[in-house]
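Understanding the architecture of this molecule
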Amino acid sequence: MIQTEKIILGIDPGTNVMGYGAIRCLGNHADLLAMGVIDMRKTSDPYLRLGHIYKRVSGVISEYLPDELAIEAPFFGKNVQSMLKLGRAQGVAIAAAIQHDVPIHEYAPLKIKMAITGNGQASKEQVAGMLQRLLHIPDEEMPHLLDATDALGAAYCHFLQAGRPESQANYHGWKDFINKNKDRLCNR
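Here the structure is a predicted model, which is why all the values come from computation and not from measurement.

Attention now moves to the packing of helix H4 (residues 124–134) against helix H5 (residues 147–161). One way to put it is that H4 packs onto H5 with a least axis distance of 9 Å and a crossing angle of 60°. Taken together, the axes of H4 and H5 are oblique relative to one another. With respect to the hand of their crossing, H4 and H5 are arranged in left-handed fashion. Contact with H4, carried on its side by Lys124, Val127, Ala128, Leu131 and Leu134, involves Thr149, Asp150, Leu152, Gly153 and Tyr156 of H5 and no other residues of that element. Split into classes, the residues belonging to the contact of H4 with H5 amount to six nonpolar, two polar and two charged.

Printed below as a string of structure tokens:
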């Protein structure tokens, strides 16, 4: 059976900082390809920020040529203006993917956290730490802004949801997971 390589780009939408993370997948194995942020904090005009998002996401797509895009869905908060701005940023990133014919998959933040850590209420730091272990990312390559690892989490969540053998396992607690995944453990 020939396994095909797939590149998944994850996006964590934001109007100040937007994270992106790309993984290369082959069978039930994923490796980090790239991660970073699109920083718009120095641009005050909200419409120029949206234009910047479109150009940079298009550039990331052109550079890494993803087969699929996984994007974090906006969470529902009490501040309607913040949600509107976040929805616009997400929409512009989606438009860039559509322009490049990249299929889009959306995941709720809770789903991403649950897929990565097993806890839907996990902190950004816990998600980053688990991704560092799963993808064997050296400390010096971990980003300072966690928007990048949040985006990487969206990509990895999609990898797990896309019918990979690892995601089909039926675990009965952490002990069972460890026994079935000894090759994924690292001793420090």
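There's plenty left to go through after this.
Here we take up H5. End to end, H5 covers 21 Å across 15 residues, agreeing with the expected 21 Å (1.5 Å per residue, within 8%). Counting buried residues along H5, 14 of its 15 residues qualify, which places the element largely inside the surrounding structure.

What follows deals with the pattern of salt bridges. Enumeration according to the criterion identifies four salt bridges in this entry. For Arg41, the salt bridge goes to Asp39, with nearest N and O atoms at 2.6 Å. Lys124 is paired through a salt bridge with Asp150; the nearest N and O atoms lie 2.1 Å apart. Here Lys124, found in helix H4, pairs with Asp150, found in helix H5; they are 26 residues apart in sequence, far enough to count as distant. Take Asp150: its relative accessible area is 9%, and that puts it in the buried class.

Reading the values: the criteria
Residues numbered from 1 in each chain as written. Predicted model: local features only at pLDDT ≥ 70, side-chain atom pairs only at ≥ 80, totals over all residues. Heavy atoms only, no water. Axes fitted to C-alpha atoms, helices over the stretch in contact; angles between N-to-C directions. Helix = DSSP H or I, 4+ residues; strand = E, 2+ residues; numbered from the N terminus. Parallel < 35°, antiparallel > 145°, perpendicular 65-115°, else oblique. Left-handed = near helix turned anticlockwise from the far one by under 90°. Contact = heavy atoms within 4.5 Å. Nonpolar A, V, L, I, M, F, W, Y, C, P; charged D, E, K, R; others polar. Expected span 1.5 Å × (residues − 1). Buried < 20%, exposed > 50% of the residue type's maximum accessible area, 1.4 Å probe, protein only. Salt bridge = Lys/Arg side-chain N within 4 Å of Asp/Glu carboxyl O.

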